[in-house]
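Structural overview
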Amino acid sequence: MKYDSLRALVNRAREANVKISELVIRDEMEEMGYTYEDTYERMRNSLRVMQESEVSGMERGLRSASGLTGGDAWKMSQRIGRNLMGDAFVTALTRAIAVSETNACMGRIVAAPTAGSCGILPACLLTVMEDCGGAEDDAVKALFTASAVGMVIARNATIAGAEGGCQAECGAA
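Residues numbered from 1 in each chain as written. Predicted model: local features only at pLDDT ≥ 70, side-chain atom pairs only at ≥ 80, totals over all residues. Heavy atoms only, no water.

**A closer look at the pattern of salt bridges**
- Enumeration according to the criterion identifies eleven salt bridges in this entry.
- Glu-41 serves as the salt-bridge partner of Arg-48, at 3.5 Å between the closest nitrogen and oxygen.
- Put simply, Glu-130 and Arg-95 hold a salt bridge, and the shortest N to O gap is 2.6 Å. With Glu-130 in helix 6 (residues 120–132) and Arg-95 in helix 5 (residues 87–104), this pair connects stretches of sequence that are 35 residues apart.
- Residue classification places Glu-130 among the partly exposed residues on the basis of a relative accessible area of 49%. (Salt bridge = Lys/Arg side-chain N within 4 Å of Asp/Glu carboxyl O. Helix = DSSP H or I, 4+ residues; strand = E, 2+ residues; numbered from the N terminus. Buried < 20%, exposed > 50% of the residue type's maximum accessible area, 1.4 Å probe, protein only.)

Below, the structure written as structure tokens:
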């Protein structure tokens, strides 16, 4: 799959008269030799891992092996409904911290696009799903679209923290 620019990606989807997510699914099927169902299920599994990593990161007593990280997502969750920024913002922030803490505690995460930025995409996606009543199918398709955007960024800039710092990782996410 070669996505050089967002404009080219949008134009290809328009020419094929499909959404970007559908274009990405088709491209991945062709490149990997998977069926539609297998391709979709692999991404659906990524969504489930994101959901599970958020839940595991919310545990009250969670601590990393060093003891330096953990428990902050639980503390943040106690502030939902009692903050100045609005519940959606605090919920998304709490989810991002929870996934990051799962990562720091050697839990299972989806590096999207990197382990260092692993909480951002799940936090945004899961919060929008909750607030807008989004269906799982919409979330899975959003992940396919996000993967194409990530590939454009990786091709034209960088997603690597070692090269572009945390800004590259988090900005891409």
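**Some details on the side chain of Glu-169**
- As for its placement among the helices and strands, Glu-169 is situated in helix 8 (residues 161–172).
- It is Arg-108 that comes nearest to the buried, bridge-free Glu-169 among opposite-charge side chains, at 19 Å.
- In contact with Glu-169, other than residues within four places in its own chain, are Pro-113, Thr-114, Gly-116, Ser-117, Ile-159, Ala-160 and Gly-161. (Lys, Arg positive; Asp, Glu negative; His and termini not counted. Contact = heavy atoms within 4.5 Å.)

**Overview of the packing of aromatic side chains**
- For the structure on display, the rule yields one aromatic pair.
- Ring centres of Tyr-36 and Tyr-40 lie 6.5 Å apart, and the angle between their planes is 10°; on these two criteria the pair is classed as stacked. Highlighted residues: Tyr-36 and Tyr-40, both in helix 3 (residues 36–57), separated by four residues, approximately one helical turn.
- On the accessibility criterion, Tyr-36 (26% relative accessible area) is partly exposed. (Phe/Tyr/Trp six-rings, centres within 6.5 Å; stacked < 30°, edge-to-face > 60°.)

**Focus on the layout of surface pockets**
- Volume-wise, the largest pocket comes out at about 560 Å³.
- Considering the residues around the largest pocket, the lining is formed by 22 residues, among which Met-43, Ala-111, Leu-143, Ala-146 and Ser-147 are closest to the centre.
- Elements supplying a minimum of two residues to the lining of the largest pocket: helix 3 and helix 7 (136–156).
- For the lining of the largest pocket, the leading source of residues is helix 7, giving seven residues. (1 Å grid on protein atoms, 1.4 Å probe; cavity = no way out; pocket = protein on both sides within 12 Å on 5 of 7 lines; lining within 4 Å. Points joined across faces, edges and corners; volume = space filled by probe spheres on them.)

**Comments concerning the packing of helix 5 against helix 6**
- Their axes nearest at 8 Å, the elements helix 5 and helix 6 cross at an angle of 140°. Between helix 5 and helix 6, the angle falls in the class oblique. As helix 5 runs across helix 6, the sense of the crossing is right-handed. Of the residues in helix 6, those in contact with Ala-88, Thr-91, Ala-92, Arg-95, Ala-96 and Val-99 of helix 5 are Pro-122, Ala-123, Leu-126, Thr-127, Glu-130 and Asp-131.
- For the contact of helix 5 with helix 6, the residue count by class is seven nonpolar, two polar and three charged. (Axes fitted to C-alpha atoms, helices over the stretch in contact; angles between N-to-C directions. Parallel < 35°, antiparallel > 145°, perpendicular 65-115°, else oblique. Left-handed = near helix turned anticlockwise from the far one by under 90°. Nonpolar A, V, L, I, M, F, W, Y, C, P; charged D, E, K, R; others polar.)

**Concerning unusual backbone geometry**
- The residue after Ala-112, namely Pro-113, is reached through a cis peptide bond having omega 5°.
- Of note, Pro-113 is situated in the loop between helix 5 and helix 6.

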